[in-house]
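One letter stands for each residue in the lines below.
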Amino acid sequence: MTLLAREVGIRFGATDALRGADIEIGEGELVAVMGPSGSGKSTLLHVLAGILRPDRGEIRLGDRRIDNLADGARSSLRLTSFGFVLQFGDLVPELSLRENVELPLRLLKVRRSETRARAAALLRELEVEEFADRRPGEVSGGQAQRAAVARALVHRPAVVFADEPTGALDSVAGELVLDALTGLARQQGSAVVMVTHEARVAAYADRTVFLRDGQVAA
Ligand SMILES: Nc1ncnc2c1ncn2[C@@H]1O[C@H](COP(=O)(O)OP(=O)(O)OP(=O)(O)O)[C@@H](O)[C@H]1O
Ligand SMILES: [Mg+2]
């Protein structure tokens, strides 16, 4: 399903964070978003994902307009259709890696046996199976981030949003996370929108979009 933002604007007090931004993410496409600090990259992700409601413009997922949905409908859309990987451990600290990865499927009321099998397969694929019963605070940053990738992908979302997913990792750990995220997303047909300030990271994408002052540069 294509995710499309047209003429999207949002302001925080006196700050115009997005000023008529346009972006289109094709089905299964991997798009990198680059731009200076404060140019609106994180805000664009939050608006695309329905976490923030834009002041103007529109957002569509497939043929459905999603920016003007009521809060409850936007939350359930996030749960069914989107996944998230943030820069720092956004896993639930009290849960094991396995429980974190199972969480989206449990919330979606997927059968217990299928939930267990899908989470286990991803944990294995991402080579964190042996740490699966530890909590995020008991593994390395790279291992936790690979579990975060598994959690973002486990429900086969239409789009995964990643905001500096390797920003806190060294280059070796970062590469493992990127290989996993991009490889598995492609395998299952999830699109990825990834904010990064590193050209090396953007090289994983099909296409790079540059933001400047809240607009997508031509
Ligand atoms: N909740 C908020 N309240 C007020 N201003 C905000 C808020 N969120 C973002 N902004 C402002 O909106 C602009 C865009 O912020 P955003 O976080 O999208 O930038 P960014 O491109 O992600 O930057 P960075 O590379 O530093 O993460 C900035 O000027 C920021 O200060
Ligand atoms: Mg940001």
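All of these numbers come straight from a predicted model, not from anything done at the bench.

1. What about the sheet that holds strand β6 (residues 82-85)?
Line of reasoning, step 1. If you trace the six strands from one edge of the open sheet to the other, you get β6-β7-β8-β3-β9-β10, paired in mixed fashion. At either end of the open sheet lies a strand with only one pairing partner, and these are β6 and β10 (215-216).
Line of reasoning, step 2. Where β6 meets strand β7 (residues 159-163), four bridges bridge the pair, whose relative direction is parallel. Across the sheet, residue F82 finds its bridge partner in β7, namely V159.
Line of reasoning, step 3. Contacts between helix α1 (residues 41-48) and the sheet are confined to β3 (30-34), β6, β7, β8 (191-195) and β9 (207-212), with β7 contributing the most and set at about 155 degrees to the helix.

2. Observations regarding the UniProt feature "domain: ABC transporter" (unreviewed entry) in the chain
Line of reasoning, step 1. Within this numbering scheme, the UniProt entry marks residues 3-218 as carrying the feature "domain: ABC transporter" (unreviewed entry).
Line of reasoning, step 2. As a span, residues 3-218 carries 37% helix and 26% strand, and end to end its C-alpha atoms are 19 Å apart.

3. Some words on helix α3 (residues 97-107)
Line of reasoning, step 1. Three or more residues of α3 are buried, namely L97, R98, N100, V101, E102, P104 and L105.
Line of reasoning, step 2. Next to the buried residues of α3 lie α2 (71-81), α4 (112-125) and α5 (141-153).
Line of reasoning, step 3. Two residues or fewer past α3, K109 is found with a positive phi of approximately 60 degrees.

4. Observations regarding the pairing of β7
On a regular strand, each side chain points to the face opposite its neighbour's, so the side chains alternate between the two faces of the sheet.
Line of reasoning, step 1. With respect to burial, β7 is a largely interior element, five of its five residues being buried.
Line of reasoning, step 2. With burial as the criterion, each face of β7 is covered, one bearing V159, F161 and D163 and the other bearing V160 and A162.
Line of reasoning, step 3. As defined by bridge partners, β7 adjoins β8 across five bridges and the pair is classed as parallel. Bridging across to β8, D163 finds its partner in V195.
Line of reasoning, step 4. With helix α6 (residues 171-188) bridging β7 and its parallel neighbour β8, the resulting β-α-β unit is right-handed.

5. A word on the sheet that holds strand β5 (residues 64-65)
Line of reasoning, step 1. With antiparallel pairing, the four strands of this open sheet are ordered in space as β2-β1-β4-β5. For this open sheet the edge positions go to β2 (15-25) and β5, each flanked by a neighbour on one side alone.
Line of reasoning, step 2. One ladder, built from two bridges, connects strand β4 (residues 56-61) with β5; its direction is antiparallel. When the sheet's bridge partners are listed, R60 is paired in β5 with R65.
Line of reasoning, step 3. Strands β1 (3-12), β2 and β4 of the sheet are contacted by α1, whose axis makes an angle of about 60 degrees with β2.

6. Regarding the site of ligand 1
Line of reasoning, step 1. Taken together, F12, T15, A17, P36, S37, G38, S39, G40, K41, S42 and T43 make up all the residues around ligand 1.
Line of reasoning, step 2. Within the backbone of S39, a nitrogen or oxygen atom sits 3.2 Å from an oxygen atom of ligand 1.
Line of reasoning, step 3. Bound to the protein, ligand 1 loses 55% of the 630 Å² it would expose on its own.
Line of reasoning, step 4. At the level of elements, β2 and α1 are the ones that each hand at least two residues to the shell around ligand 1.
Line of reasoning, step 5. Looking at the shell around ligand 1 element by element, the count peaks at three residues for α1.
Line of reasoning, step 6. Split into classes, the residues belonging to the shell around ligand 1 amount to three nonpolar, seven polar and one charged.

Rules of the game
- Residues numbered from 1 in each chain as written.
- Chains lettered and ligands numbered in written order.
- Predicted model: local features only at pLDDT ≥ 70, side-chain atom pairs only at ≥ 80, totals over all residues.
- Heavy atoms only, no water.
- Pairing = 2+ DSSP bridges.
- Helix = DSSP H or I, 4+ residues; strand = E, 2+ residues; numbered from the N terminus.
- Contact = heavy atoms within 4.5 Å.
- Axes fitted to C-alpha atoms, helices over the stretch in contact; angles between N-to-C directions.
- UniProt positions renumbered as here; feature names shortened; annotations may be inferred.
- Buried < 20%, exposed > 50% of the residue type's maximum accessible area, 1.4 Å probe, protein only.
- Right-handed = clockwise from strand over helix to strand, strands pointing away.
- Near = heavy atom within 4 Å.
- Polar contact = N/O pair within 3.5 Å; in protein donor to acceptor, adjacent residues only side chain to side chain.
- Areas by Shrake-Rupley, 256 points an atom, 1.4 Å probe, with all protein chains shown as cover.
- Nonpolar A, V, L, I, M, F, W, Y, C, P; charged D, E, K, R; others polar.

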